[in-house]
Amino acid sequence: MPAPDLQLLIDAALEAGEIAKRYDGQNAKTWHKPEGAGPVTEADLAVNDMLERELRGARPDYGWLSEESLDEGNRVQDARVFIIDPIDGTRSFIEGSNTWAHSLAIAEHGEVTAAVVYLPRRDRLYVAEKGQGATLNGEPIQAATIGELAGAKVLAARPAMEAALWKDTPPDFNRGYRPSLAYRMALVAQGRFDAMLTLRPTWEWDIAAGDLILREAGAATSDRHGNPLVFNNPDPRLAGVVAGNTTLQSKICAALAPTHAPQ
């Protein structure tokens, strides 16, 4: 039986999926956020409204950080905080694809303790609770064990493989890609891919849930410098993400150039 916080996230994610599926992404009203921050649809906002109402109503003493809510900053004073991406992969949603996800997490003193990544169009519910392992649709999942860079199946955007970002030549990965960052992390936790990386400054709401799901599936996570991922920061952006089993993740971090322009 999931702990109350985790059950709260599961119930909210399932309800979010029902709301999002009522919209046809290709015909949904869409706006573009200021400063090139990407698109948002009426479905994103409808899901966010429900999540904020239900989750904050159930835990009024928890802080709130969501991609689609104004960040008032006072959340950093809270011991526990919801970290939410109502629809991760909005561009995929707009295109009518099915690789978008709801990403819901609770962090306590900077560490994620409960997490859900739900893909309603694919019927995939990834769940993790601190110290209790990770599951997909109720079945335990485990990260892959391959330890060599060459031939590893790695989820990464094409710009992350530019030569300038690596100490030597980029590793000979079998590169794949999915538009939802939360889904990429979940696929590595599931063992479908060996590792993932993103080297751009990365919003906490994109990766908080995936971080715990990965770690509970036996993977290691860090920013691109090898530092642990810590959440609920005043500026909710981290220095990218590198994830995989302990050996592979460490080798990727070691192979990256020490400094580079954000990618």
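Parameters and conventions
Residues numbered from 1 in each chain as written. Predicted model: local features only at pLDDT ≥ 70, side-chain atom pairs only at ≥ 80, totals over all residues. Heavy atoms only, no water. Salt bridge = Lys/Arg side-chain N within 4 Å of Asp/Glu carboxyl O. Helix = DSSP H or I, 4+ residues; strand = E, 2+ residues; numbered from the N terminus. Buried < 20%, exposed > 50% of the residue type's maximum accessible area, 1.4 Å probe, protein only. Phe/Tyr/Trp six-rings, centres within 6.5 Å; stacked < 30°, edge-to-face > 60°. Lys NZ or Arg CZ within 6 Å of the ring centre and 35° of its normal. Pairing = 2+ DSSP bridges. Axes fitted to C-alpha atoms, helices over the stretch in contact; angles between N-to-C directions. Contact = heavy atoms within 4.5 Å. Core = buried A, V, L, I, M, F, W, Y, C linked by side-chain atoms within 4.5 Å. Expected span 1.5 Å × (residues − 1).

Re the pattern of salt bridges
Reasoning step 1: Per the stated rule, a full pass over the model turns up 11 salt bridges.
Reasoning step 2: In this structure, Arg59 and Asp5 form a salt bridge, with 2.8 Å as the shortest nitrogen-oxygen distance. Remark: Asp5 occurs in helix α1 (residues 4-20) and Arg59 occurs in the loop between α2 (42-58) and β3 (63-66); sequence separation between them is 54 residues.
Reasoning step 3: For Arg59, a relative accessible area of 19% translates into the label buried.
Reasoning step 4: With a closest N to O distance of 2.9 Å, Arg75 and Asp71 form a salt bridge.
Reasoning step 5: With relative accessibility at 1%, the residue Arg75 sits in the buried group.
Reasoning step 6: Take Asp71: its relative accessible area is 30%, and that puts it in the partly exposed class.
Reasoning step 7: Within the structure, one salt-bridge network assembled from shared partners comprises Glu111, Lys130, Asp211 and Arg215.

Describing unusual backbone geometry
Reasoning step 1: Of note in the backbone geometry, His109 takes a positive phi value of approximately 50° without being a glycine.
Reasoning step 2: With a relative accessible area of 66%, His109 lands in the exposed category.
Reasoning step 3: At Asn232, a position not held by glycine, the phi torsion is positive, near 65°.
Reasoning step 4: Looking at the element boundaries, Asn232 is found in the loop between β14 (220-222) and β15 (237-238).

Some thoughts on the packing of aromatic side chains
Reasoning step 1: Scanning the model with the defined rule gives 5 aromatic pairs in all.
Reasoning step 2: Judged by centre distance (5.0 Å) and plane angle (85°), the rings of Phe93 and Trp100 are edge-to-face.
Reasoning step 3: Looking at Phe93, the relative accessible area reads 3%, which means it is buried.
Reasoning step 4: Taken together, a centroid distance of 4.8 Å and an interplanar angle of 10° make the contact between Trp203 and Trp205 stacked.
Reasoning step 5: Its relative accessible area of 33% is what places Trp203 among the partly exposed residues.
Reasoning step 6: Taking NZ or CZ as reference, Lys153 lies 6.0 Å from the ring centre of Phe193, over its face.

Comments concerning the pairing of strand β12 (residues 195-198)
Reasoning step 1: Of the two faces of β12, the one holding Ala195 and Leu197 and the one holding Met196 and Thr198 are both buried throughout.
Reasoning step 2: As defined by bridge partners, strand β10 (residues 153-155) adjoins β12 across 2 bridges and the pair is classed as parallel. Residue pairing across strands places Val154 opposite Ala195, the latter belonging to β12.
Reasoning step 3: Pairing between β12 and strand β16 (residues 241-244): 4 bridges, direction antiparallel. When the sheet's bridge partners are listed, Thr198 is paired in β16 with Val241.

A look at the sheet that holds β10
Reasoning step 1: Strand order in this open sheet of 5 strands is β11-β10-β12-β16-β14, and the pairing throughout is mixed. Each end of this open sheet is capped by a strand with a single partner; those strands are β11 (174-176) and β14. Pairwise comparison of adjacent strand axes, ignoring direction, gives a mean angle of 20° for this sheet.
Reasoning step 2: In terms of strand pairing, β14 meets β16 through 3 bridges, oriented antiparallel. Bridge pairing in β16 links Thr221 to Ala243.
Reasoning step 3: Set on the sheet, helix α4 (residues 181-190) makes contact with β10, β12 and β16; between it and β12 the angle comes to about 155°.
Reasoning step 4: Docked against the sheet, helix α6 (residues 246-255) engages β12, β14 and β16, running at close to 150° with respect to β16.

Some words on the nonpolar core
Reasoning step 1: By size, the foremost hydrophobic cluster in this structure holds 41 residues, and its most contacted members are Tyr126, Ile213 and Phe231.
Reasoning step 2: Elements represented by at least two residues in this core include exactly β4 (80-88), β5 (101-108), β6 (111-119), β7 (124-129), β8 (134-136), α4, α5 (204-216) and β16.
Reasoning step 3: Take this core: its biggest share by element is 8 residues, from α4.
Reasoning step 4: In contact with Phe231, other than residues within four places in its own chain, are Ile83, Ala107, Gly110, Val112, Glu204, Ile207, Ala208, Asp211 and Leu238.
Reasoning step 5: Ala13, Met50, Trp64 and Ile87 belong to the second-largest nonpolar core, a separate cluster that totals 28 residues.

Some points on α1
Reasoning step 1: The terminal C-alpha atoms of α1, which comprises 17 residues, lie 24 Å apart, in line with the 24 Å expected from a rise of 1.5 Å per residue.
Reasoning step 2: Looking only at α1, the buried set comprises Asp5, Leu6, Leu8, Leu9, Ile10, Ala12, Ala13, Ala16, Gly17, Ile19 and Ala20.
Reasoning step 3: Considering only its buried residues, α1 is in contact with α2, β4, α3 (90-95), β5, β6 and β7.

By themselves, these observations are geometric and do not establish any function.
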